[in-house]
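Next come the chains, spelled out residue by residue.
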Amino acid sequence: MQRLLAWTADWLAKTGSPTPRIDSEFLLAFVLNSTRLQLILRFDQPVQGDELAAFKHLIRRRARHEPVAYILGRRGFHDIEVNVNSAVLVPRPETETLVDFVVAYLHDSAAVAGPVLDLCTGSGCIGLALLREMEKTNAIRDVYATDISAAALEVASANAVSQNRVLLAARGDLFEAVAPDLRFAVIVSNPPYVCTADWSQLEPDVRNFEPRLALDGGADGLDLARRIVAEAPYFLLPGGLLALELGSRAQALPICALAESRGFTYVRPTQVVGSATYLVTALQPY
Ligand code: GLN
C-alpha cells in the first residue's frame, strides 16, 4: 500500500494536482471503505484484485482533474459533511470563515432574534453548518436557503434530510424565492463572484467540472453581490447582519461603498487568513 500510494501521488503530482498525496489517500480509503486514518494501520498490506482496479479507475478520473469531492460524492465542511455532485460548487475552506463570522454574530448578546437566510446555497453547506452550530448551544433559529438552480436545491434538500436538519429551501433568483413579509436576523451568501474574463484562467478542476452558474459573477464578478446589497435592507431586521464572501480586496471595497450608500453601518472588509478571499460584513441600522 505504501508503494502504491507513493506511485499514485507521484503520478497525480505530474498531472498538476496540488494535493497529490492527500487525493490518493482519500481515494484509496474510499475504495477500501475506511478512513484516511485507518489506512495508516494497513500501510504494509497489499491492495489487490477488485480494490486495486477500482482505485486505479478513480485515480484516472482524478488525473483528468475531476475534483476529489465529486469522485467521493461528499466533502467535509466546518463541523459537518455534505454530499455534493456537479450541480453544486465544492465547499471551500475559506467559506468556513464566513460561517465562523455568522456564528460569532449569533453568539453575541447584541444579536437580534430572527431567522437566517442563505442565498445561493448550492449544497446547503453554509445553512447546514450554521444549524449544526446552533444545535451546540441549543439556540436553533429557522434557516432559509435559496438557489436559482433546481438541481442545486435538490442537493441542499437531500443533505438536510440525511443530516436530519430542517433547511427551508426554496428555488428562485435571490430574494424572489423569499416571502415578501419575512425579515431576517442574518443574510449570508457565497455568491458567484468570478469575473467572466477570468473564466478561461481558472484551474481545469474548477473550469471543467464545477457549475459555471455558481461561479461566474459577470464582468467584474459583482453582479450578484450588488443585487444582494441593494435588496438586503428590505429583508433584514434592524440590527441584522449581512455577510458576503468575495474574491479579492478589489471586489470587497466597491461592495463596502455600496453597502454604506444603502445605509448599512459597521461595514467591514476582512481578508480570510491564508486566502485571497474577502468577507464583507455590515449591520442594518436600528
Ligand atoms: N472561490 C471560488 C473559486 O475561486 C469561487 C467561489 C465563488 O464564485 N463563490 O473557484
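Reference entry: report on the structure contained in this document. These figures come from a predicted structure and were not determined experimentally. (Residues numbered from 1 in each chain as written. Predicted model: local features only at pLDDT ≥ 70, side-chain atom pairs only at ≥ 80, totals over all residues. Heavy atoms only, no water.)

Okay, the sheet that holds strand S4 (residues 143-147) next. Overall, mixed pairing links the seven strands, which are arranged S5-S4-S3-S6-S7-S9-S8 in an open sheet. The open sheet has two free edges, formed respectively by strand S5 (168-171) and strand S8 (265-271), since each of these has just one partner strand. Averaged over neighbouring strand pairs, the angle between their axes works out to 15° when direction is ignored. In the sheet, S8 pairs with strand S9 (residues 278-283) via five bridges, with the strands oriented antiparallel. Its bridge partner being in S9, Arg 268 is matched across the sheet by Thr 281. (Pairing = 2+ DSSP bridges. Helix = DSSP H or I, 4+ residues; strand = E, 2+ residues; numbered from the N terminus. Axes fitted to C-alpha atoms, helices over the stretch in contact; angles between N-to-C directions.)

Taken together, the neighbourhood of the ligand is formed by Leu 89, Arg 92, Glu 94, Asn 190, Pro 191, Pro 192, Tyr 193, Ala 214 and Leu 215. The contact in question runs from a nitrogen atom of the ligand to an N or O atom on the side chain of Asn 190, over 2.8 Å. At 2.7 Å from a nitrogen atom of the ligand is found a main-chain nitrogen or oxygen belonging to Pro 191. Its free accessible area being 300 Å², the ligand has 86% of it covered by the protein chains. Spatially, the ligand is embedded in the largest pocket. Classifying every residue of the shell around the ligand by side-chain character gives six nonpolar, one polar and two charged. (Near = heavy atom within 4 Å. Polar contact = N/O pair within 3.5 Å; in protein donor to acceptor, adjacent residues only side chain to side chain. Areas by Shrake-Rupley, 256 points an atom, 1.4 Å probe, with all protein chains shown as cover. 1 Å grid on protein atoms, 1.4 Å probe; cavity = no way out; pocket = protein on both sides within 12 Å on 5 of 7 lines; lining within 4 Å. Sits in = over half its atoms within 2 Å of the grid points. Nonpolar A, V, L, I, M, F, W, Y, C, P; charged D, E, K, R; others polar.)

This brings us to the layout of surface pockets. Taken as a whole, the largest pocket spans an internal volume of roughly 1,300 Å³. In this structure, the largest pocket is lined by 48 residues; those nearest its centre are Arg 75, Val 90, Pro 91, Arg 92 and Pro 93. Of all elements in the fold, only helix H2 (20-31), helix H5 (68-72), strand S1 (74-77), helix H6 (93-107) and helix H9 (204-207) reach the threshold of two or more residues within the lining of the largest pocket. The residue inventory of the lining of the largest pocket, partitioned by class, reads 23 nonpolar, twelve polar and 13 charged. Computed from the structure, the second largest pocket encloses a volume of approximately 460 Å³. Lining the second largest pocket are 29 residues, with Cys 120, Asp 147, Pro 192, Leu 213 and Ala 214 sitting closest to its centre. Broken down by secondary-structure element, the contributors of at least two residues to the lining of the second largest pocket are helix H7 (125-136), S4 and helix H10 (223-235). When the residues that make up the lining of the second largest pocket are grouped by side-chain class, the tally is 15 nonpolar, eight polar and six charged. (Points joined across faces, edges and corners; volume = space filled by probe spheres on them.)

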